Amino acid sequence: MKVLIVKRYERDFRIPFYRLLKKKLSERGIDLELHYGEPDEEEKKSIRDYIKDESIGKKVKNKYFKIKGTYLCYQPCLSLVSKADVVVVQQGNRELFNYALLFRRLFFKKPKLAFWGHGRNFQGNPKSLKEKFKYWYSNKVDFWIAYNELSKKLLVDRGFDPNRIVAINNTIDSKSQIEYYDSITESQKTALKEQYGIKPNEPVGIFCASIYHDKQIDFLLNALSVVKAKVPSFKFLMVGKGVEDYKAVEYAKNNPDWFFYVGNKFHEEKILYFSIADFQTIPGAVGLNIIDSFSFRCPLITTKIDNHGPEISYLKSHENGIMTDVNLEEYTNTIITLTSDKTQLNRLKQGCSEARDFYSIENMANNFFNGVLTLLSKPHT
């Protein structure tokens, strides 16, 4: 039996997941074939970690068509479909290959078709024509591989059969990162703190993400000013780059003694910065970066803003992080409380430890694998 996954592009951090999934399927006599291309020219300006070789699948040359500022894409993989028992594609309005599959499905019973995705665009307007169209055609497949339980709920609310959905709990491979984090010594932490003049018991916050409007950078900087005025010993690390990083640069110039903008940091260097932080503050859009908070026992403080990714459902407020209203006073008071309340902070850190064990690529691969088996056992819709 064969499972064909076609993605417009795929990113490096997915490679360990696909290796696990391929191994699990192979053990049941199921062949996994992954085909992917590259992002469009606009996406390449911000997405640098897309897979550029054939390290985990087969590279195809996407055909892009720019219409009124939007890139439509056709993936030339239709000839592969007839040899597959299951085809999995990313849900998306721009993927013309999806429409070809849906049209083909009207005349042929094979292969079974599954969408993989969020259920909706969490940064888009749910009442827009684009989203309404997506809602309509998203119910036309045999099965859904939903990013997580929030995505599954959205699909069920729109009338899709819950028995034809698997929530895989989308995550990244954090095992090696956790191992490195757990191995960091007190002397390493002390050396990094001394580099920035941070004393042993001073509270430290961190932001680690792309720096752009949806992250609510102005709100964050205003909140930090209030916190610093009330907690003189407070220090802050800002990690990342983006179209609004000039705001961080300017703020750091005006607050050089306690606000440290360090730009992009990756791998062990990024983890070392997390190891000296007590909590992470991202008031705006949160996606997979919540996994950093869990992996590095650095509770996330965010708000009930409406443009989070579906991964925000992993946050259990006052258990493994805190979500406040979009209210500056409430947000700053929450941060101020955590700078002094070690009992509450340690309880949140323990919640992060439990979450990091649950949201693993091993569990994600198991969920995907079980979804494929369920799909293969079901009749066509």
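Residues numbered from 1 in each chain as written. Predicted model: local features only at pLDDT ≥ 70, side-chain atom pairs only at ≥ 80, totals over all residues. Heavy atoms only, no water.

**Student:** Sorry, what's going on with the packing of helix α7 (residues 186–195) against helix α10 (residues 267–275) here?
**Tutor:** Describing two packed helices takes the angle between their axes plus the distance from one axis to the other. Following both chains from N to C, one finds α7 and α10 inclined at 85°, their axes separated by 9 Å at the closest point. Taken as axis vectors, α7 and α10 run roughly perpendicular relative to one another. Side by side, α7 and α10 meet where Q188, K189, L192 and Q195 of the first sit next to L272, Y273 and S275 of the second. In terms of residue class, the contact of α7 with α10 is made up of 3 nonpolar, 3 polar and 1 charged. (Axes fitted to C-alpha atoms, helices over the stretch in contact; angles between N-to-C directions. Helix = DSSP H or I, 4+ residues; strand = E, 2+ residues; numbered from the N terminus. Parallel < 35°, antiparallel > 145°, perpendicular 65-115°, else oblique. Contact = heavy atoms within 4.5 Å. Nonpolar A, V, L, I, M, F, W, Y, C, P; charged D, E, K, R; others polar.)

**Student:** How do you make sense of unusual backbone geometry when you look at a structure like this?
**Tutor:** We note that Q216 has phi near 60°; this positive angle belongs to a residue other than glycine. Structurally, Q216 can be placed in the loop between β10 (204–208) and α8 (217–230). A relative accessible area of 23% means that Q216 is categorised as partly exposed. The phi angle at R297 is positive, at roughly 50°, despite the residue not being glycine. Classification of R297 as partly exposed rests on a relative accessible area of 24%. (Buried < 20%, exposed > 50% of the residue type's maximum accessible area, 1.4 Å probe, protein only.)

**Student:** Help me understand the environment of P162 in this model?
**Tutor:** Tracing the backbone through its elements, the reader meets P162 in the loop between α5 (149–157) and β9 (165–167). The sequence separation of P162 and F369 amounts to 207 residues, and the corresponding C-alpha distance is 17 Å. Beyond its immediate stretch of four places on either side in the chain, P162 contacts K152 and V156.

**Student:** Any chance you could explain helix α6 (residues 175–183) here in plain terms?
**Tutor:** Within α6, the full set of buried residues consists of Q177, I178 and Y181. What you see down the axis of α6 is that its buried residues fit within an arc of 100°, all on one side. Check the buried side of α6 and you find it contacts α10, α11 (290–295) and α13 (342–358). (Arc of directions from axis to C-beta.)

**Student:** Even after reading the chapter, I still don't get the pairing of strand β7 (residues 112–117), so can you show me in this structure?
**Tutor:** Remember that side chains alternate between the two faces of the sheet whenever the strand is regular. For β7, the tally of buried residues reaches 6 of 6 residues, placing the bulk of the element in the interior. Residues K112, A114 and W116 line one face of β7 and the alternating positions L113, F115 and G117 line the opposite face, and both faces are buried. Bridge count for strand β6 (residues 86–90) against β7 is 5 bridges, and the pairing is parallel. In the sheet register, V87 faces β7, and the bridge partner there is L113. For the segment spanning β6, helix α3 (residues 96–105) and β7, crossover handedness is right-handed. Examined bridge by bridge, β7 and strand β8 (residues 143–146) share 4 bridges and lie parallel to one another. Residue pairing across strands places W116 opposite I145, the latter belonging to β8. (Pairing = 2+ DSSP bridges. Right-handed = clockwise from strand over helix to strand, strands pointing away.)

**Student:** I would appreciate a short explanation of the sheet that holds strand β3 (residues 58–59) in the present structure.
**Tutor:** Hydrogen bonding along the main chain pairs the strands of a sheet, whether they run parallel or antiparallel. The sheet built from 7 strands is open, its strands ordered β3-β2-β1-β6-β7-β8-β9 with parallel pairing. Strand pairing shows two members of the sheet lacking a second neighbour, β3 and β9, which therefore form its edges. With 4 bridges connecting them, strand β1 (residues 2–9) and β6 associate as parallel partners. Residue V6 lies in a different strand from β6, and its bridge partner there is V89. Against the sheet, helix α1 (residues 15–27) engages β1, β2 (31–37) and β7, with an angle of about 155° to β2.

**Student:** Any chance you could explain the packing of aromatic side chains here in plain terms?
**Tutor:** In this description, a pair of aromatic rings is defined by centroid distance and the angle of the planes. Going through the model one piece at a time under the given rule, you end up with 24 aromatic pairs. Judged by centre distance (6.3 Å) and plane angle (70°), the ring pair of Y74 and F97 falls under edge-to-face. With Y74 in strand β5 (residues 70–74) and F97 in helix α3, this pair connects stretches of sequence that are 23 residues apart. Of the residues examined, F97 reaches a relative accessible area of 0% and is grouped as buried. Three or more aromatic residues joined by ring pairs form one cluster here, namely F234, F236, Y251, W258, F259 and F279. Here K7 stacks its cationic end above the ring of W116, 4.3 Å away from the centre of that ring. (Phe/Tyr/Trp six-rings, centres within 6.5 Å; stacked < 30°, edge-to-face > 60°. Lys NZ or Arg CZ within 6 Å of the ring centre and 35° of its normal.)

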